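Structural characterization, general
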Amino acid sequence: MVRTPWLPAVTALGLGFVWRLLLVLQSPVAFSFDGFQRWAGRDHVLIQDWMPTTQVLIWLTAQAGGELLAGRVVMCLVSGLAAAAGTLLAQRLAAAEYGERPALWAGWTFAVASAYPHWAAWGTVFYQESSFLLVLFTGLWLAARGNLRGGDLVIGLLGLVRYEGWPCVLLYLAWRRDRRALVALWGPLVWLAIRGFGGEGHAASPVNFADWEGLTDRFALEAWLGDVLGLARRLWAAGGWVWWSLGGVALWLHRRSSLCWLVAALVAAQLAATLAWVAGLETSTSRMGVVPVVMVAVLGASAVPALARWPRSGWALVVALAALLGFQLVEGRDRMRAETRFFAAEADALEEMRRCPGCRWWVLPRSGLGTRARHDGCEVLQGISSLRHGKDFYCSSWIVDDRAAASASTDGTVRWDEVAKVYRVERHLSGTGG
């Protein structure tokens, strides 16, 4: 009987939450554009054509009076909970092969994975990755420990987190091979009903967020292969090679485990979705590696108890895990700084704008930002503050009608200086507009 089977999971929760919270306090500027759209639409549950689970958390935070920092704290907590659930799943995978006590090695190993650099950074902002991992790991853990009905219901929620969850539901059903498990289809069915009855998401800006629009005309094989190679390099540099290597070892060691093969199939499905995502965005980003690497880390962690059985290997594993944790912490800090640096210009402009409480601004933003150069600085301003378009500012590029009237109703101008690469913030003379 293992007295502390929950200790690795509690550690993963604490490390996953506290480390991300420290990153937020160190680099408080939020990122990136989908996240900006979600925060700007915090009074709505449906945003764009995105699924609502993560947005519900943002909406609840806003309804409770929470501001941007509170919302990010919530996302840090979701990441920590996902880390705890992944730890429990890794232990369950290992326990089936080695027993409860050796399986603690798997738990401690995945607790280290909770600090995976790309997940550490992107788990602090308003994206679905941590919500997806929390639901997936919890559902698989429930099913693996014998609570099949609970697992079915939780896995069904994947259908309301992100579209990449739908193949996961189908693979889970193939693993279950039980008609009663069809209840796991409830999430996709609910979403189809919402869309079928005309559920349209709120758009906080007129900017196009459709990643797949015109893909057949835009796709170029050579460019795509280059982007895929760039993604592989990102994953390698962040230490992803460790988790992929361990994952391969685990699949070989546990080749008779149907649950391990299910996790491997889920990883393959996410990789396929990621490759399609690269094509849609026409670039690779560090965010793309979060779900595949963290999922394979669960599998890889389950192989560590086998390594721990080697003579005098215990201390070597402790040192290796400590070194990997230290590397990931440094890389996570650097990734956070790199992501927030992209939006430093808008953050500086916001500080100037706050010196005039109650002022309404006419904003001429920098443009050509983000993937496929679709986004602009007005989105950033909404996403890193409590400012709302039409109330606190007007974006010159978003106004089609009555531009003169909108400009005349403002108290100052925020103008992007393309030469100096800074925003110029100017108050209007009394009675005049922009």
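Remember, predicted model here, so these are calculated numbers, not experimental data. (Residues numbered from 1 in each chain as written. Predicted model: local features only at pLDDT ≥ 70, side-chain atom pairs only at ≥ 80, totals over all residues. Heavy atoms only, no water.)

Going through the model one piece at a time under the given rule, you end up with 17 salt bridges. Notably, a salt bridge pairs R176 with D178, separated by 4.0 Å at the nearest N-O pair. Salt bridges here are not isolated pairs; linked through shared partners, they connect E129, R162, E164 and R287. (Salt bridge = Lys/Arg side-chain N within 4 Å of Asp/Glu carboxyl O.)

A word on the pairing of strand 6 (residues 422-427). By the bridge criterion, 6 bridges tie strand 5 (residues 412-417) to strand 6 in an arrangement that is antiparallel. Across the sheet, residue R415 finds its bridge partner in strand 6, namely R424. Linking two consecutive strands that pair antiparallel, namely strand 5 and strand 6, is a turn of 4 residues; a positive phi of about 60 degrees is found at K421 within it. (Pairing = 2+ DSSP bridges. Helix = DSSP H or I, 4+ residues; strand = E, 2+ residues; numbered from the N terminus.)

A few words on the sheet that holds strand 5. An order of 4-1-5-6 is seen for the 4 strands of this open sheet, with the pairing classed as mixed. Taken across any chain shown, the strands that pair with only one partner, and hence form the sheet edges, are strand 4 (393-395) and strand 6. Recorded for the sheet is a direction-independent mean angle of 20 degrees between the axes of neighbouring strands. The sheet contact formed by strand 1 (residues 361-364) and strand 4 spans 3 bridges and is parallel. Each bridged residue has a counterpart across the sheet, and for W362 the counterpart in strand 4 is Y394. Here helix 18 (residues 344-353) sits on the sheet in contact with strand 1, strand 5 and strand 6, set at roughly 15 degrees to strand 6. (Axes fitted to C-alpha atoms, helices over the stretch in contact; angles between N-to-C directions. Contact = heavy atoms within 4.5 Å.)

Inspection of every chain in the model, using the stated rule, returns 16 aromatic pairs. Taking the centre distance of 5.0 Å and the plane angle of 80 degrees together, the rings of F31 and W122 count as edge-to-face. Remark: W122 occurs in helix 6 (residues 117-122) and F31 occurs in the loop between helix 1 (7-26) and helix 2 (33-40); sequence separation between them is 91 residues. Of the two residues, F31 and W122, both sit in the buried class. Ring centres of F110 and F137 lie 5.9 Å apart, and the angle between their planes is 90 degrees; on these two criteria the pair is classed as edge-to-face. Placement of the pair is F110 in helix 5 (residues 100-113) and F137 in helix 7 (residues 129-144), with a sequence separation of 27 residues. This pair shows no difference in class: F110 is buried, exactly as F137 is. (Phe/Tyr/Trp six-rings, centres within 6.5 Å; stacked < 30°, edge-to-face > 60°. Buried < 20%, exposed > 50% of the residue type's maximum accessible area, 1.4 Å probe, protein only.)

In total, this model carries 2 cavities of 30 Å³ or more according to the counting rule given. Considering only enclosed or pocket space, the largest cavity measures out at about 60 Å³ in volume. Lining the largest cavity are E129, R162, E164, Q270, A273, T274, W277, M288, V291 and P292. Listed by contribution, the elements that provide at least two residues to the lining of the largest cavity are helix 14 (258-281) and helix 15 (290-301). For the lining of the largest cavity, the per-class residue count stands at 5 nonpolar, 2 polar and 3 charged. As for the second largest cavity, its lining consists of F33, F36, Q37, A40, A204, F209, E379 and Q382. With 4 residues, helix 2 is the largest single contributor of residues to the lining of the second largest cavity. Looking at the lining of the second largest cavity residue by residue, the classes come out as 5 nonpolar, 2 polar and 1 charged. (1 Å grid on protein atoms, 1.4 Å probe; cavity = no way out; pocket = protein on both sides within 12 Å on 5 of 7 lines; lining within 4 Å. Points joined across faces, edges and corners; volume = space filled by probe spheres on them. Nonpolar A, V, L, I, M, F, W, Y, C, P; charged D, E, K, R; others polar.)

A separate point is the layout of surface pockets. One number sums up the size of the largest pocket: a volume of about 950 Å³. Together, 38 residues line the largest pocket, and D34, D211, W277, L281 and R287 are the ones closest to its centre. Counting only elements with at least two residues in the lining of the largest pocket, the list comes to helix 2, helix 14 and helix 17 (314-341). Per-class residue counts for the lining of the largest pocket are 16 nonpolar, 9 polar and 13 charged.

Two cysteines, two sulfur atoms, one covalent bond between them: this is a disulfide. In this structure the tally under the stated criterion is 2 disulfides. Left without a disulfide partner, C168 is nearest to the cysteine sulfur of C260, which lies 16 Å away. Relative accessible area serves as the criterion here: at 1%, C168 is assigned to the buried category. (Disulfide = S-S within 2.5 Å.)

A few words on the environment of V18. Position of V18 relative to the elements: it lies in helix 1. Given the relative accessible area of 42%, V18 is considered partly exposed. Once the C-alpha coordinates of V18 and C76 are considered, the two residues, 58 residues apart in sequence, prove to be 7.9 Å apart.

What follows is about helix 12 (residues 221-237). For helix 12, with 17 residues, the first-to-last C-alpha span of 24 Å sits near the 24 Å given by 1.5 Å per residue. The complete set of buried residues in helix 12 reads W224, D227, L231 and L235. Buried residues of helix 12, seen end-on, are gathered within an arc of 80 degrees and therefore sit on one face of the element. Every exposed residue of helix 12 that faces more than 90 degrees away from the buried side is listed here: E222, R233 and W236. Buried residues along helix 12 sit against helix 6, helix 13 (240-253), helix 14 and helix 15. (Expected span 1.5 Å × (residues − 1). Arc of directions from axis to C-beta.)

What is shown is where atoms sit, not what they do.
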